[in-house]
Amino acid sequence: MTAASETPALPAARPAGCPFDPPGNYATLRETAPTSHVRCPAGMDAWLVTRYRDVRAVLADRTMSSRGASSVHVNPNADLDEEVSPGSIIQLDGADHSRIRKRVIAEFTVRRVEAMRGYVRELVESHLDAMLARPGEADLVRDFALPIPSLVICELLGVPYADRSRFQRQSGMLVSTDTTREERQQAYDELSGFLAGLFTDKQRNPRDDLFSRLIYRGVSSGDPLTMEELVVLGLSLLVAGHETTANMIALGTLVLLEHPDQRDVVLSAPERAVEELLRYLSVVQFGVLRYATADVRVGTRSVKAGEWLVAALNSANRDEELFPGGGKLDFHRESPRTHVAFGFGAHQCIGQQLARVELQEALTRLFRRVPDLRLAVPRESLAYKHNTLVYGVRELPVAWG
Ligand code: HEM
């Protein structure tokens, strides 16, 4: 292993100029040191895996544990030996993971999600009505990108949207990379307490929602989830369900404002356009963490059991071998779905179909209804989320008319 002082840091700063390019110089790394050691903010060294095919191989490898997959590597205050909570779907391995995943996967099939498209469309339209009823300016994050995925996930799970101020703040703390251990714990405890109350209520008064079904399917199958499992799983779904998509809607809008020549493809072929936006933006910006439980080769490197690996999704998604001219947004790519923005393998994103429907509806309807949408401030004044697991823009002041 490289001497500690020589180990470079995990790339975190984005190059000046294009806010959509990933941190660090991944293009050079993919050429010269595709799997190399980095020092992570959490203090440990990890293999940074940058090539598309190696990233897929790591994520498909069943000997790789996901126990750090809440991205502990990017939080300087993380506890690397923290026990995995029962129900933490993203961190569980093997049979423990399948037991939890199979409870929710049926809720997110293409058919189930397509059945929600009409509801998503109505939400998008009503938010556009409200936005356009005001005189010519809005913050697209606050008025559009954040409320839509929040409302959708609340409706699906059965979480009262009126409680959003509680869970949005706590969820923001959980995805921030610079919260202290105490702040994280407090956010986690508050959100868990809120969800425990909700599950207790649903045990008594079941409704037609995912949380109620999680309780009652478990009972009828003879393998009910414990309250702790329900709460932790509920928390994962709630946080994952709105942070990622909200950032994609806002950042996707910004990209389209900067590429007016490509906007007509969003209207004519939204599926294709959304896949390319997912690849190009790769909002899960610090990669996903794995822990080797066996010796394994990654490309030309030998990784030992007990070592950490970071699968850099954003680098893989720009790998020229798969995506010629990968640094450019191009809605006419062949096989636009080969990207790994939703991960790969056993933990591949459970909510990907839902995210696709939300992005397709939000972006097409926004640009159809507001063809003259424009930034209301100079682009240089926008602030980006450099210190959260999911990249995005903090506010997006827009104008029209
Ligand atoms: C554009 C939006 C989204 C992006 C980019 C995204 C990205 C990802 C990625 C990269 C992973 C894999 C993590 C790993 O392998 O360690 C993942 C897993 C997951 N995502 Fe998403 N996600 C999005 C939307 C959603 C939505 C809407 C939900 C809804 C509930 C969701 C729920 C989950 C869950 C529960 C997992 C863990 C699955 C498992 O471990 O088996 N995500 N997501």
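Heads up: these notes are all about the structure in this document.

The rules we used
Here the residue numbers are simple positions, counted from 1 along each chain's written sequence. Given that this is a predicted model, residues contribute local features only at a pLDDT of at least 70 and side-chain atom pairs are listed and counted only at 80 or more, while totals for whole chains, interfaces and linings are drawn from all residues. Water and hydrogen atoms play no part in the side-chain values, which are based on all heavy atoms of the structure. A donor here means any N, O or S atom no more than 2.8 Å from the metal (3.2 Å for Na, K and Ca); water is not included, so a site may seem to lack partners. A run of H or I in DSSP counts as a helix once it spans at least four residues, and a run of E counts as a strand once it spans at least two, with each numbered from the N terminus. A cavity here means a set of 1 Å grid points, computed over protein atoms only, where a 1.4 Å probe fits but cannot escape. A pocket is an open set with protein on both sides within 12 Å along at least 5 of 7 lines, and lining residues have an atom within 4 Å of a point. Grid points are joined across faces, edges and corners, and a volume is the space filled by probe spheres set on the points. By nonpolar core we mean a set of buried residues, namely Ala, Val, Leu, Ile, Met, Phe, Trp, Tyr and Cys, connected to one another through side-chain atoms within 4.5 Å. For each residue, the accessible area found with a 1.4 Å probe, counting protein chains only, is set against the maximum for its type, and the residue is called buried under 20%, exposed over 50%, and partly exposed in between. We call two residues in contact whenever any of their non-hydrogen atoms come within 4.5 Å of each other. Should DSSP find at least two bridges between two strands, the strands are taken to pair. When a carboxyl oxygen of Asp or Glu is within 4 Å of a side-chain nitrogen of Lys or Arg, the pair counts as a salt bridge. For each residue, the test is whether any non-hydrogen atom lies within 4 Å of the molecule or strand; if one does, the residue is near. N or O atoms within 3.5 Å of each other form a polar contact, as long as, within protein, one can give a hydrogen and the other can take it, and as long as residues adjacent in sequence are counted only when both atoms are side-chain atoms. Residues were grouped as follows: Ala, Val, Leu, Ile, Met, Phe, Trp, Tyr, Cys and Pro as nonpolar; Asp, Glu, Lys and Arg as charged; and all remaining residues, including Gly, as polar. Interaxial angles span 0 to 180 degrees and are taken between N-to-C directions of axes, which are lines fitted to C-alpha atoms, for helices over the stretch in contact. Crossings are classed by handedness, with left-handed meaning an anticlockwise turn of the near helix from the far one by less than a right angle and right-handed meaning a clockwise turn.

### Considerations on the coordination of the iron atom of the ligand
The protein supplies the iron atom of the ligand with one donor atom, Cys349 (SG), which lies at 2.3 Å. If you trace the backbone, Cys349 turns up in the loop between helix H14 (313–316) and helix H15 (352–369).

### Focus on empty space enclosed by the protein
The final tally for this structure, using the stated rule, is two cavities of 30 Å³ or more. If you add up the space inside the largest cavity, you get close to 50 Å³. In terms of lining residues, the largest cavity is bounded by Arg67, Gly68, Val72, Asp79, Leu80, Glu82 and Gln91. Arg14, Phe20, Pro22, Arg279, Tyr280, Leu281, Ser282, Asn314 and Arg318 are the residues that line the second largest cavity. Broken down by element, the residue count for the lining of the second largest cavity peaks at three residues, all from helix H13 (residues 270–281).

### Here we look at the nonpolar core
Membership of the largest hydrophobic core comes to 105 residues, with the highest contact counts inside it found for Val104, Phe144, Val159, Leu210, Phe211 and Leu366. In terms of residues, this core owes the most to one element, helix H11 (residues 227–258), which gives 15 residues. Excluding its chain neighbours within four sequence positions, the residues that come into contact with Val159 are Cys154, Phe167, Phe194, Leu198, Phe211 and Leu238. In this structure, Val58, Val298, Leu309 and Ala311 belong to the second largest nonpolar core, which totals 18 residues.

### Re the pairing of strand E2 (residues 45–49)
Burial analysis of E2 places five of its five residues in the buried class, the great majority of the element. Of the two faces of E2, the one holding Asp45, Trp47 and Val49 and the one holding Ala46 and Leu48 are both buried throughout. Strand direction decides the pairing type here: strand E1 (residues 35–39) and E2, joined by five bridges, are antiparallel. Looking at the pairing, Arg39 lines up with Asp45 of E2. The loop that links E1 with its antiparallel partner E2 comprises five residues; one of these, Gly43, has a positive phi angle of about 105°. Looking at chain direction, E2 and strand E8 (residues 308–311) are connected through four bridges and run parallel. Among the inter-strand pairings, Ala46 is bridged to a residue of E8, identified as Trp308.

### A look at the pattern of salt bridges
Inspection of the entire model under this criterion finds 27 salt bridges. For Arg117, the salt bridge identified is with Glu114, shortest N-O distance 2.8 Å. Of the charged contacts in the structure, one is a salt bridge between Glu125 and Arg365, with a shortest N-O distance of 3.1 Å. Placement of Glu125 in helix H5 (residues 117–133) and of Arg365 in helix H15 is noted, with a sequence separation of 240 residues between them. It is possible to trace a salt-bridge network through shared partners that takes in Glu114, Arg117, Arg121, Glu125, Asp129, Glu361, Arg365 and Arg369.

### With respect to the site of the ligand
The local shell around the ligand holds 27 residues, among which His97, Arg101, Arg290, His347 and Cys349 are the closest. Residue Ile89 places a main-chain N or O atom 3.3 Å away from an oxygen atom belonging to the ligand. Interatomic distance of 2.7 Å between a side-chain N/O atom of His97 and an oxygen atom of the ligand. Elements with a contribution of two residues or more to the shell around the ligand: helix H3 (94–105), H11 and strand E5 (288–292). Element by element, the count of residues in the shell around the ligand is highest for H11, at six residues. Among the residues forming the shell around the ligand, the class breakdown is 18 nonpolar, seven polar and two charged.

### Quick look at the sheet that holds strand E3 (residues 64–65)
Spatially, the five strands line up as an open sheet ordered E1-E2-E8-E5-E3, and their pairing is mixed. Both edges of this open sheet fall to E1 and E3, since each of them pairs with a single strand only. Pairing of E5 with E8, which is carried by four bridges, proceeds in the antiparallel orientation. By the bridge assignment, Val288 is partnered in E8 with Ala311.

### Observations regarding the side chain of Asp139
Assignment of secondary structure puts Asp139 in strand E4 (residues 137–139). In this structure the side chain of Asp139 is engaged in a polar contact, spanning 2.8 Å, whose partner is the backbone nitrogen of Leu396. The residues contacting Asp139, other than those within four sequence positions of it, are Phe144, Glu395, Leu396 and Pro397.

### Some details on unusual backbone geometry
Within the chain, Ser282 stands out as a residue other than glycine whose phi angle is a positive 35°. Its place among the elements puts Ser282 in the loop between H13 and E5. Even without being a glycine, Ser335 presents a positive backbone phi close to 45°. Looking at the secondary structure, you find Ser335 in the loop between H14 and H15. Under the relative-accessibility criterion, Ser335 is labelled partly exposed at 47%.

### Overview of the packing of helix H8 (residues 164–175) against helix H9 (residues 181–204)
Across the interface, H8 lies against H9 with an axial gap of 9 Å and an inter-helix angle of 145°. Once H8 is placed against H9, the crossing between them reads as left-handed. When H8 is examined against H9, the residues Arg166, Phe167, Arg169, Gln170, Met173 and Leu174 are found in contact with a partner set consisting of Glu183, Arg184, Ala187, Tyr188, Glu190, Leu191 and Phe194. Taken together, the residues of the contact of H8 with H9 break down into seven nonpolar, one polar and five charged.

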